[in-house]
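Understanding the architecture of this molecule
The primary structure of each chain is shown beneath.
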There are 2 protein chains.
Amino acid sequence: MSGADQYSVLFAPVKIGPVTARNRFYQVPHCNGLGHLRPQAEAAMRAMKAEGGWAVVSTQEAEIHPTSDLSPYSENRIWDDRDIPALRLITNAVKEKGSLAAIQLAHNGHHAQNHLSRAPLLAPSELALQTAYPKQARAMDKTDIREFRKWHRAAARRSREAGFNIVYVYAGHHMTLPHHFLLPQFNDRTDEYGGSLENRVRLTRELLEETREEVGDDCAIALRFAVDELLGTDGMQAQEEGRAVVELLAELPDLWDVNVADWSNDSATTRFEPRDGFQTSYIEFVKQVTSKPVVGVGRLTSPDLMVSLVKKGILDFIGAARPSIADPFLPNKIKEGRIEEIRECIGCNICVSSDALGVPIRCTQNPTMGEEWRRGWHPEIIENRGKEETALVVGSGPAGLECAMQLARRGYEVTLAEAKQELGGRVLQESGLAGLSAWKRVTDHRIYDLQQRGNVQMFTDSRLSASDVVELGIPNVFLATGAPWRRDGRGKSAFHGISISSGTQVFTPDDIMSGVLPGGGPILVYDDDQAYLGGVLADHLAQTGREIIFVTPASMVSPFTELTLEQTKVQRSLLEKGVRLVMSHTLASVAPGTANVQCVYTAREHAIECGSVVLVTQRMRETDLYDELRGLSESPLTKLDLIGDAANPGLIADAVYSGHMAARNFERDAGDIDREFFRREIVSLETV
Amino acid sequence: MSGADQYSVLFAPVKIGPVTARNRFYQVPHCNGLGHLRPQAEAAMRAMKAEGGWAVVSTQEAEIHPTSDLSPYSENRIWDDRDIPALRLITNAVKEKGSLAAIQLAHNGHHAQNHLSRAPLLAPSELALQTAYPKQARAMDKTDIREFRKWHRAAARRSREAGFNIVYVYAGHHMTLPHHFLLPQFNDRTDEYGGSLENRVRLTRELLEETREEVGDDCAIALRFAVDELLGTDGMQAQEEGRAVVELLAELPDLWDVNVADWSNDSATTRFEPRDGFQTSYIEFVKQVTSKPVVGVGRLTSPDLMVSLVKKGILDFIGAARPSIADPFLPNKIKEGRIEEIRECIGCNICVSSDALGVPIRCTQNPTMGEEWRRGWHPEIIENRGKEETALVVGSGPAGLECAMQLARRGYEVTLAEAKQELGGRVLQESGLAGLSAWKRVTDHRIYDLQQRGNVQMFTDSRLSASDVVELGIPNVFLATGAPWRRDGRGKSAFHGISISSGTQVFTPDDIMSGVLPGGGPILVYDDDQAYLGGVLADHLAQTGREIIFVTPASMVSPFTELTLEQTKVQRSLLEKGVRLVMSHTLASVAPGTANVQCVYTAREHAIECGSVVLVTQRMRETDLYDELRGLSESPLTKLDLIGDAANPGLIADAVYSGHMAARNFERDAGDIDREFFRREIVSLETV
């Protein structure tokens, strides 16, 4: 069977109430940090999904009223008519590409903080914010509920006016009023909106009915609902109340978009949930209960799994957020039988982290994500080369591989030289650690692509000196030489390094990743980086059965992983493995057998016995080759570019982005690059 | 001597290079969360300062280039010409009121994170971000430094084009490249920009010279410089290198704006630095070294202190950020001898917290702050009353007092009834705790104002029932009945409360604030609120010499106080008093003599011996009177409004705001209020 035949079931049109999706690929609502602050960027990003074959393309959550104000996070906003033009950009762009546009209406209750609007906080019950900000929501009275329903109706009307084909009622992720009303962990009302499930579901039912009254003739109504909270008997369970909710509302919406709560469970990372399709066991009952089409998610990237989910009657639509970010052209690639070309989501949640920071979305796998409008980057199209014909890329980490791949796509003859015996750089190293194996897709995808091309030569075990480079005679050189971890303790907390007595067993993350296991006695992992690697290494080492002491100046393990929705799981994992945690302490000095740590608050020191120390502090850019080449008195080079971690150490996503940018900018006019930097979205000075 | 004579020295014009300030009141640059996302709001806020008499009004820091991108925080931005129109709004508005407009140009080096721009991070040396985000800045090479100087020149040119009269070079707060170059804690270069002080100051000198070349004919050049890092010999000290810097650059700028670093020291709260003028001892040398005018700060609100600082030759200008926020009309009030009418800054740093959240500024004392444009609120002007003539306000906490004061200013006959024996509500309670005495200014200011008016009657010891209210015959009723703390443990972590065995000694914050000292055995303070009060209470109780155990689900003490720049000081204070900290644990149950706490990660429980428990969890709105009045079958009331904590528990600032809003909205058309909500600033859909 050809690709197209094998997967043809995925390309059958499906009716959703009054509208029809051209195939079964459905980009469910997802945050992206573009939103109302960056409407043109969001429209272009959503349009790219439509162009790539997603039959339905949804917005992120759209705040329906100033009492649901998520500032400084930039979601969509549909407070009043002033928001319609920005939303119409999205619907026009998506519909032009033949897809349906969906909007996820949201009132976030006490999940919103209303910091911009300063409006009252609303909730089913008296509830404090989950953040440390000392504001409380009031239990909505009947007037509040009536007002809220009016706002939701008005937002539905505006949605239709803005051109949306599908309007969501959103009861998921612990993030919205309908969900808060549904769940006993937020609702202890004693009136007709509390107590029995019938009562708790009342608000969702009313919203569905009222949305249909407002827009049901030509818009479909979708219900996004979390069937399980993954709290066992402490929460809603798919086979208990989760099923009962679907039974109660079965035919009311035109489409069921089902998942699990909270967000960290729905968007689980591969580190803690490696299985594609991990939500299937929770959501598979839904189609047995309703005749309406069902969309589900679970990092679905494998076309075979997709076909099986449809054929088994589990899903009508293949839902995706993250896989559609990593590869907006996933549907088209399946349709055209180009399975190997799919850029698979690695499940790292860097996309989520941007939303959590209130800045534009980025993706480790897809460096064009979020850059469609402001830089005009297309994930599948890149300009042909200019007058230059060849390029040398030194280093095959994420920056080098991406740069080489894009240069090759532009038509240059590309030579890629790697000093080590295997391609992949830091990705190869990090993906060998416990929980990170899926990250290897970053290099797998690129190496595979490079191998298919006739204009690429790749060399391993090929450390190049400056004279080697000159002798190669390739005038355009991109150096992606990376940044190994420092061995001197220099980091956020110790600009001048740490006092290390001679004879101390000191290791770096690179040592551990290359397979070294420190010798006898407890291993002290010192994490002044505070991102993810310190926690991963401690977990990895703990799995060898060794005694681990984890010291960090931060107040928690891996605070960066709050942004990727993993922090609770990271710290739990270490505690459950018996790792001893020493929070809020810097490492003052180390000597054989002992480490002195210092409280960040009081500067009090105490000693900790340990056999060895792993320093996760800061990285050291490898620039020797760059410096040598730059220092040549008569350089034969036309272009010399330092990229990736060697230029600015960062995330793997940053390295990929840097490599991509270098390839795009090659042979562009330097003045143009500087002058344009990127297109900007600026606040209007018109009064509205 | 009359007020005007006594303070006339403060109103002498002062020359600053080519421009002249009309008096000595100088609003130094300060953040406000309005910035480039809310340019009209910022312009109106700055204009209000000018109207209130500040002779110089500065912007907040203005990012000069995409490599200095502070997103999601909204400062000013002057990346390119596209930013000029928004800045011109500010200069026009400020100059129309007769003041000089200053702009603080900033390149934030590795203090920026460049999350929006994704541009490379720059620093004097190889430096990791101070946040947990795993990006590093590269040590700038000579090309980078040349580029940076070009960007700064270009920003200076744009500043002049936008109409500014004073252009800053900014070397302060540990926040900018010139400051990073100056300080050995960030600079370990070995070239002519590192090592000796002469070398480290080179960049600042170049910027001053180049800014003068660009705009010096008609703009003054200011240098903002932190003379001391408050790190003792580990940092720059006012009498050592701090003085040497001023000597090296003495006559180069037209004005010295001097303070201390870092920001938490410059903007110290009254809780940890109660003295007005606390920076004087650090900055008093400056005028001995330079002939140029000097501006300094230190929460200067007392006109007598101001006069003395000028007469002693310490300052030429009375600098202010926070006092100008609490009272934009401070200069005019001094000029007109209306000293008692000044709304004194309480030093709580709620203004700072909004910037730290990336949302518009707010102020505990001045509820109109940040609302000048979007709501049209003027701090000194309020609409006269309509056809209604009387109003009853029940409760004299921050909401009740503000509401009563504004209603009185509008011309209503106001009756204020307080159940307790003293006016002030929660402010009276909280300001009795260690460190918070300055907060009493919130009620002092309002009670004084109310006492001056002939149309106000205030009653203490007057708890009103619904029938009392009806009998009073006042048809317009505002209820500010507050929200005492719960005694059942319900909070963020325990929606259904905590299991409390009978006989357990359980106290609430209200008990402690009313003077109760729990009996024998250690006192366990359980802080599920996580804002400020739990930490304050623990500190307060520790000062009685009792053994204190502090338990919180948070990973640090009072995480909210990170937003007010106090967290480090809060936790240090508890540790130094010997308070035992149990972080990341909830309180599962309490019984006489024992508390069971549970790890938030593993759910493991352990017991802690204690004699009593203070529950800082959540507040309970006091709505009995409201409910009774609402329930009256034939209500004689025209207006019944629930305000302040009784409506939505929050900060004191929120309560004041709520009282202010209720007074402003009284007799406005309900439809108007709903339709307008507030004026909005929305991103342009024009391509720029």
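Keep in mind it's a predicted model, so treat the numbers as computed, not measured. (Residues numbered from 1 in each chain as written. Chains lettered and ligands numbered in written order. Predicted model: local features only at pLDDT ≥ 70, side-chain atom pairs only at ≥ 80, totals over all residues. Heavy atoms only, no water.)

Considering the overall build of chain A
Note the threshold: Helix and strand assignments follow DSSP, with helices taken as H or I runs no shorter than four residues and strands as E runs no shorter than two, numbered in order from the N terminus. The size measure is the radius of gyration over C-alpha atoms, and the globule rule it meets is 2.2 Å times the number of residues to the 0.38 power. Only protein chains enter the area calculation, which uses a 1.4 Å probe; residues under 20% of their type maximum are buried, those over 50% are exposed, and those in between are partly exposed. Contacts: residue pairs with any heavy atoms within 4.5 Å of one another. Here the open area of atoms and residues is found with the Shrake-Rupley method and a 1.4 Å probe, where only the protein chains shown may cover a residue. In this tally Asp and Glu are treated as negative and Lys and Arg as positive; neither His nor the chain ends contributes. By convention, the point assigned to a charge is CZ for Arg, NZ for Lys, CD for Glu and CG for Asp.
On a plain count of helices and strands, chain A comes out with 25 helices and 28 strands. Computed over its C-alpha atoms, the radius of gyration of chain A comes to 27 Å, within 12% of the 26 Å expected for a compact globule of 688 residues. Projected onto the principal axes, the alpha-carbon positions of chain A cover approximately 75 × 65 × 55 Å. Looking at chain A as a whole, 67% of its 688 residues are labelled buried. Contacts in chain A between residues far apart in sequence, at least 24 positions, make up 71% of those at least 6 positions apart. Of the roughly 22400 Å² that chain A leaves accessible, carbon and sulfur atoms contribute 46%. Charge-centre separation for chain A: the mean point of 74 positive side chains lies 3 Å from the mean point of 93 negative side chains.

A closer look at the interface of chain B and chain A
Interfaces are often described in size by the accessible area the parts lose on coming together. Spelled out, the test is: A quick way to say it: buried area is the sum, across both parts, of accessible area lost when two parts are put together, with a 1.4 Å probe. A pairing counts as a salt bridge when a side-chain nitrogen of Lys or Arg comes within 4 Å of a carboxyl oxygen of Asp or Glu. Polar contacts here mean pairs of N or O atoms no more than 3.5 Å apart (in protein, one a potential hydrogen donor and the other a potential acceptor; neighbouring residues in sequence count only if both atoms are side-chain atoms).
On the chain A side, the residues contacting the 103 residues of chain B number 103 residues. A buried area of about 8700 Å², summed over both sides, lies between chain B and chain A, and 52% of it is on carbon and sulfur atoms. It is Arg118, Tyr601 and Arg680 of chain B that lose the most area in chain B upon contact with chain A, and together they represent 11% of the buried surface on that side. Here chain B and chain A share 12 salt bridges between them. One salt bridge connects aspartate 83 of chain B with arginine 680 of chain A, and the closest N-O pair in it is separated by 2.7 Å. Counting the contacts that link chain B with chain A gives 45 residue pairs in polar contact (both at pLDDT 80 or more).

Remarks on the sheet that holds strand β23 (residues 580-582) of chain A
Residue and element names in this part refer to chain A. Put simply, the test is: Strand pairing is defined by DSSP finding a minimum of two bridges between the two strands.
If you trace the 5 strands from one edge of the open sheet to the other, you get β20-β27-β21-β22-β23, paired in parallel fashion. Lying at the two open borders of the sheet, with one neighbouring strand each, are β20 (506-507) and β23. The sheet contact formed by strand β21 (residues 523-527) and strand β27 (residues 612-616) spans 5 bridges and is parallel. Looking at β27, one finds that leucine 524 is bridged to valine 613.

Side note on the nonpolar core
Going by this rule: The set of buried Ala, Val, Leu, Ile, Met, Phe, Trp, Tyr and Cys residues whose side-chain atoms join them within 4.5 Å is what this entry labels a nonpolar core.
In terms of nonpolar packing, the biggest core is built from 122 residues, with Val525 and Phe560 of chain A together with Leu10, Phe25, Phe225, Trp256 and Ile334 of chain B touching the most fellow members. Ranked by residue count, the leading element in this core is helix α21 (residues 533-542) of chain A, at 6 residues. The residues touching phenylalanine 560 of chain A, leaving out its near neighbours within four places in the chain, are Ile350, Gln530, Ala531, Tyr532 and Leu651 of chain A together with Ala132, Tyr133 and Pro134 of chain B. In terms of nonpolar packing, the next biggest core, distinct from the first, is built from 121 residues, Ala47, Ala171 and Val258 of chain A together with Val536 of chain B among them.

Thoughts on the packing of helix α16 (residues 398-410) of chain A against helix α24 (residues 652-665) of chain A
Residue and element names in this part refer to chain A. Rule in force here: Only C-alpha atoms enter the line fits that serve as axes; for helices the fit covers just the stretch in contact. Angles between N-to-C directions range over 0 to 180 degrees. For this classification, under 35 degrees means roughly parallel, over 145 means roughly antiparallel, 65 to 115 means roughly perpendicular, and everything else is oblique. Put simply, a crossing is left-handed when the front helix is turned counterclockwise from the back one by less than a right angle, and right-handed when it is turned clockwise. Residue type decides the class: Asp, Glu, Lys and Arg count as charged, Ala, Val, Leu, Ile, Met, Phe, Trp, Tyr, Cys and Pro as nonpolar, and the leftover types, Gly among them, as polar.
The interhelical angle for the contact between α16 and α24, taken along N-to-C directions, is 30°, at an axis separation of 7 Å. Accordingly, the angle class assigned to the pair α16 and α24 is roughly parallel. As α16 runs across α24, the sense of the crossing is right-handed. Judged by residue contacts, Pro398, Ala399, Glu402, Cys403, Gln406, Leu407 and Arg410 of α16 engage Ile652, Ala655, Val656, Gly659, His660, Ala662, Ala663 and Arg664 from α24. Classifying every residue of the contact of α16 with α24 by side-chain character gives 9 nonpolar, 3 polar and 3 charged.

Structural notes on the sheet that holds strand β15 (residues 390-394) of chain B
Residue and element names in this part refer to chain B. The 5 strands are arranged β17-β16-β15-β18-β28 in an open sheet whose pairing can be described as parallel. Since the sheet does not close on itself, it has two edges, and those belong to β17 (456-459) and β28 (639-642), each with one partner. On average, each strand axis in the sheet is tilted by 15° relative to the strand beside it, whichever way the strands run. As paired strands, strand β18 (residues 476-479) and β28 are joined by 4 bridges and run parallel to one another. Bridge pairing links leucine 479 to leucine 642 in β28.

Some words on the relation of the copies chain B and chain A
Applied cut-off: The copies were overlaid by least squares, fitting only the C-alpha atoms of residues that reach a pLDDT of 70 or more in each copy.
If you rotate chain B by 180° and push it 0.0 Å along the axis, it lands on chain A with an RMSD of 0.0 Å. Both copies of the chain, as the preceding transformation shows, are related through a two-fold rotation axis. Mapped onto chain A, 100% of the interface residues of chain B are again interface residues, and the two copies thus contact each other with one and the same surface.

Some words on helix α18 (residues 441-452) of chain A
Condition: A helix's residues, less one, multiplied by 1.5 Å, set its expected span.
Here α18 of chain A contains 12 residues, and its C-alpha end-to-end distance of 16 Å stays within 8% of the 16 Å for a straight helix at 1.5 Å per residue. Those residues of α18 of chain A that sit buried are Arg441, Val442, Thr443, His445, Arg446, Ile447, Asp449 and Leu450 of chain A.

Remarks on the pattern of salt bridges
Per the stated rule, a full pass over the model turns up 102 salt bridges over all chains. Among the ionic pairs, arginine 118 of chain A bridges to aspartate 654 of chain B, the shortest N-O distance being 3.6 Å. Here aspartate 654 of chain B lies in helix α24 (residues 652-665) and arginine 118 of chain A lies in the loop between β6 (100-106) and β7 (122-123), a pairing that spans two chains. Among the salt bridges present, the one from aspartate 539 of chain A reaches lysine 577 of chain A, with a minimum N-O distance of 2.7 Å. Taken together, the residues span a long stretch of sequence, with aspartate 539 of chain A in helix α21 and lysine 577 of chain A in the loop between α22 (567-576) and β23 at a distance of 38 residues. For aspartate 539 of chain A, a relative accessible area of 7% gives the class buried.

Scope: geometric values only; no functional claims are made or implied.
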